[in-house]
Amino acid sequence: MEKEDSGHEPKIPAGGWGSLKEVGGILLEEKVPPQRAALLLKQNKPDGYACVSCAWAKPAHPHPAEFCESGAKATAWEVTSKHIGKDFFDKHTVRDLERWHDHDLEAAGRITVPLRYDAASDRYLEIGWDQAFSEIGAHLRKLDPKSVVFYSSGRASLETSYMYQLLARMYGNNNLPDSSNMCHESTSVALPKSIGVPIGTVVLDDFEKTDCIVFFGQNVGVNSPRMLHQLQEARKRGVPIITFNPLRERGLVSFTNPQSPLEMLSGAETPISTRYHQLKAGGDTAALMGLCKAVLEEEDAAQKRGDPPAVDTAFIAEHTQGFGPFVDKVRATTWSEIEQEAGLDRADIRDAARVYMASNAVIGVFGMGLTQHRNGVQNIQMLVNLLLLRGNIGKPGAGICPVRGHSNVQGQRTVGITEKPELAPLDKLKELYGFEPPREKGLNTVEACEGIQGGKVKALVSLGGNLVRAVPDHGAMEAAWRALPLTVQISTKLNRSHLVHGQAAYILPCLGRIEKDVQGGVEQAVSVEDSTGCMHGSKGMAEPAASTLLSEPAIVAGLAKALLDPNPKVDWDAWVADYSKIRDAIAETYPDIFHDFNARMWTPGGFRKPVAAAHREWKTPTGKANFTVPDSLTVDPDMKERAGTLRLFTVRSDGQFNTTIYSLDDRFRGVSGDRMVIFMSKADMDARGLQDGARVSALTATDDGVERRVDGLKVMEYPVPPGCIAGYYPECNPLLPLWHYAKESYVPAAKSIAVRIEAMQ
Ligand SMILES: Nc1nc2c(c(=O)[nH]1)N[C@H]1C(S)=C(S)[C@@H](COP(=O)(O)OP(=O)(O)OC[C@H]3O[C@@H](n4cnc5c(=O)[nH]c(N)nc54)[C@H](O)[C@@H]3O)O[C@H]1N2
Ligand SMILES: Nc1nc2c(c(=O)[nH]1)N[C@H]1C(S)=C(S)[C@@H](COP(=O)(O)OP(=O)(O)OC[C@H]3O[C@@H](n4cnc5c(=O)[nH]c(N)nc54)[C@H](O)[C@@H]3O)O[C@H]1N2
Ligand SMILES: [Mo]
């Protein structure tokens, strides 16, 4: 499996000593004292705090140390001893800070005081909390609610998120875009149509019962490393893992468990993927079509031989709709089309299909490799089609498993963060709080960016995130952002979005989830939902970075009281004084999911929300699980790839959490000290006469009249499928046009951007 011609690709396992070294390094760099580092032992424990990194499930019977390299980095980043307050901001103008690298901005430390931008001195100056709230409230009161956007990134707790959506709706809009709009929105659109639920159907227990895992476009070793435990255990039981990914990601190749002394000392590695298919970026619909075709071919052959069927005929008859048209489409699609679009041989696809068919319970796992494409929704529906062929949804050990990003991104949607009014319990909110909720669709992230560019959006409130860096089309966006009349950022650390600010601008620094949150003398807890729909309590344990910080619920309440007329049915102060009352309100709003919330939130392993499809109840319009017919196998029917263009897909490194850059290294891909790199195949380098290490420019190959370019990218020879190159997010975001997003879900198509490469003079 490990080829010789692999350029810079290192041959190290995920985990292992490298992982321990990384953890030690960041604890040191952030000057985290030993007693605070010991907090890691409380991470993801039933009586501890929920990690602020990814959303992977937290087991009922955790490992002695239920944290990973990425989680430890996120913790160190939050409980750092480095703090910045009034003095720092008095010293540096915003213009100065704009010259800092993204890493250095955040590495400066935790922001400790509320700040307001002062144009005369080009500085952020300290302001009192009450004054900040009243000024922001007064500004927003003058605006048309339709022109104000309330963004949130998926880290905020269920409690904060519930209050935040209520604030926006009582103010008068559904403009509640979130990070999910750039992420798993394709999942939230695809799954309800196919199986009647917006989230995955599996729980951790299914990994113990499965006998095959198919893995599409998710980089487990970096982005959800705790999941490697489930994969390693499955591999030890002999469960095959079939991976489809244009890059051979180390965590999907092999793993050494840093928590196993024996493995660490012996250097034992568990190979993770039993088959690794390096398909073309965007080739997933085609690869899945090939898998389905191979299954149907076997079905035909079995019928001829008089053998038992290769598909689950009873399941298909009883539980599904649309099988006939789907079969017609599969039969009408030729192997040569499939091979062409997927970049894989039919023999390899048939081989993978044989493993799939030999298994009785299969889990389909996926991440951004499926969602961030023009055909993102269709990609996911094709994975569902494959699972439905053999009844692999709604039985033990089988199901669909989207691996969500931010630690509470799934939960935010559950408690009403959505721009789609039909997904929010508007009637219930009306009944509980006696106001008329807005019924008009709000803006999603792409639409909010369009509104900012077009001047229709007049104010942006951000609960976390670094939106200006995370969104497409940096060039145009940064300019438009600066013209916004008001930006308000609720943040922990300094980032680019604070510098590319609106005309009036405020930074409201908050407590992080790992910190003790004391209200009325009592330590409060919050809660989050993981990728498998399980809710967990989380208790902050570190001393706060500063006594001047407010909690996120307190900040949302502060804004609400300044902005809204008093409403006797919403007692913001009472909620802030005792978070269990917010949970009571959540339970009243969503009794099916959250009844007895306060009692159940400490259930080991979490309590799960009802997921109808998990027990084969299909809440779709047809009352069945639906096979869907894909429109097209091509990656992007609209962005024309021409001769000489390459398909760029953007990825995360081991040294980052989204726009937060911990370090410029990516040890899993052999990169050190530089993120301005692109990974290119030898064939594409030769075709362009490029040497390893050459600096090039990348230009988006579109004809909308806008020049989008990134200069100074270093070419690294790497085993990527010819025709495809990889680069880092967010550095490559200037190349991604705002209009290049997934049909239906509006997720920016960050995994397939047509670009030209020019050698730099
Ligand atoms: N340490 C760390 N953890 C994180 C994050 C982080 O930045 N750092 N971010 C969090 C967030 S918000 C999210 S959404 C998740 C993201 O986690 P992932 O879903 O893993 O997202 P990415 O790293 O963007 O890329 C996913 C993988 O898809 C592959 N890929 C790219 N294009 C294609 C394609 O067309 N088809 C297929 N099959 N594969 C493709 C890439 O090679 C990469 O391995 O992680 C979360 N966890
Ligand atoms: N090209 C390309 N673009 C992408 C992607 C891609 O793969 N490729 N991925 C997309 C995805 S999946 C996502 S989710 C987005 C992510 O994009 P964002 O949502 O913007 O990223 P975050 O990691 O949430 O933002 C980091 C900031 O959050 C703040 N923060 C950290 N902790 C807290 C906290 O506890 N409370 C508060 N209030 N603030 C806090 C800090 O100030 C920090 O600077 O980017 C998207 N953009
Ligand atoms: Mo994400």
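Rules behind the numbers
Residues numbered from 1 in each chain as written. Chains lettered and ligands numbered in written order. Predicted model: local features only at pLDDT ≥ 70, side-chain atom pairs only at ≥ 80, totals over all residues. Heavy atoms only, no water. Domains from an automatic or database assignment. Contact = heavy atoms within 4.5 Å. Buried area = accessible area lost by both parts, 1.4 Å probe. Near = heavy atom within 4 Å. Polar contact = N/O pair within 3.5 Å; in protein donor to acceptor, adjacent residues only side chain to side chain. Areas by Shrake-Rupley, 256 points an atom, 1.4 Å probe, with all protein chains shown as cover. Helix = DSSP H or I, 4+ residues; strand = E, 2+ residues; numbered from the N terminus. Pairing = 2+ DSSP bridges. Buried < 20%, exposed > 50% of the residue type's maximum accessible area, 1.4 Å probe, protein only. Nonpolar A, V, L, I, M, F, W, Y, C, P; charged D, E, K, R; others polar.

Chemist: Describe the domain arrangement of the protein, naming the residues involved and giving the relevant values.
Modeler: Here the protein is partitioned into domain 1 (83-177 + 408-522 + 542-597), domain 2 (185-403) and domain 3 (646-759). Centre-to-centre, using C-alpha coordinates, domain 2 lies 26 Å away from domain 3. Domain 2 puts 27 residues into the contact, and the matching count from domain 3 is 26 residues. Here domain 2 meets domain 3 over a buried area of about 2200 Å², counting both sides, of which 58% is carbon and sulfur. By the criterion of area lost to domain 3, the three top residues of domain 2 are Leu 247, Gln 372 and Arg 374, representing 31% of everything that side buries.

Chemist: How would you summarise the site of ligand 2 if you had to cite specific residues and measurements?
Modeler: Of all residues adjacent to ligand 2, which total 32 residues, the nearest are Glu 106, Asn 495, Glu 552, Tyr 729 and Asn 733. Between ligand 2 and the protein, one listed contact pairs a nitrogen atom with a side-chain N or O atom of Arg 155 at 2.9 Å. When isolated, ligand 2 has an accessible area of 930 Å², and the protein chains bury 96% of it. Put simply, the parts of the chain that give the shell around ligand 2 at least two residues each are helix H25 (467-470) and strand E16 (486-491). Three or more residues apiece are contributed to the shell around ligand 2 by two domains, here domain 1 (83-177 + 408-522 + 542-597) and domain 3 (646-759).

Chemist: Kindly report on the sheet that holds strand E20 (residues 525-529), identifying the contributing residues and their values.
Modeler: Taken in spatial order, the three strands of this open sheet run E20-E21-E22, and their pairing is antiparallel. Edge positions in the sheet fall to E20 and strand E22 (607-608), since each has one partner strand and no second. By the bridge criterion, two bridges tie strand E21 (residues 534-539) to E22 in an arrangement that is antiparallel. Within E22, the position partnered with Met 535 by the bridge is Phe 607.

Chemist: Any chance you could break down the side chain of Arg 248 for me, citing the residues and the numbers?
Modeler: Within the element layout of this structure, Arg 248 appears in the loop between strand E8 (241-244) and helix H13 (250-253). Taking relative accessible area as the criterion, Arg 248 reaches 4% and is therefore assigned buried. Within the local environment of Arg 248, its side chain forms a polar contact with the side chain of Glu 9, the two groups lying 2.6 Å apart.

Chemist: I'd like a rundown of the environment of Pro 604, residues and numbers included.
Modeler: As for its position among the elements, Pro 604 is in the loop between helix H32 (597-600) and E22. In sequence terms Pro 604 and Glu 30 are 574 residues apart; their C-alpha atoms lie 31 Å from each other. With near-sequence residues (within four places) excluded, Pro 604 lies in contact with Pro 46 and Ala 60.

Chemist: Can you lay out unusual backbone geometry for me, pointing to particular residues and giving the numbers?
Modeler: Comment: phi is negative for the bulk of residues other than glycine, and the bulk of peptide bonds are trans. Here the residue pair Tyr 729 and Pro 730 is connected by a cis peptide bond, since its omega of 5° sits within 30 degrees of zero. Structurally, Pro 730 can be placed in the loop between strand E30 (724-728) and strand E31 (753-759). Located in the positive-phi region is Asp 473, a residue other than glycine, with phi close to 55°. Of note, Asp 473 is situated in the loop between H25 and helix H26 (474-482).

Chemist: Tell me about the site of ligand 1, and please be specific about residues and values.
Modeler: Around ligand 1 sit 30 residues, and of these Glu 249, Gly 282, Asp 284, Gln 656 and Asn 658 come closest. Separating a nitrogen atom of ligand 1 from a side-chain N or O atom of Ser 70 is a distance of 3.3 Å. Between an oxygen atom of ligand 1 and a side-chain N or O atom of Glu 249, the distance comes to 2.5 Å. Protein burial of ligand 1: of its 910 Å² of free accessible surface, 99% is covered by the chains. Mapped onto the shell around ligand 1, the elements with two or more residues apiece are helix H11 (220-223), helix H20 (368-371), strand E24 (646-651) and strand E25 (656-657). The residue inventory of the shell around ligand 1, partitioned by class, reads twelve nonpolar, 14 polar and four charged. Counting the residues that make up the shell around ligand 1, at least three belong to each of domain 2 (185-403) and domain 3 (646-759).

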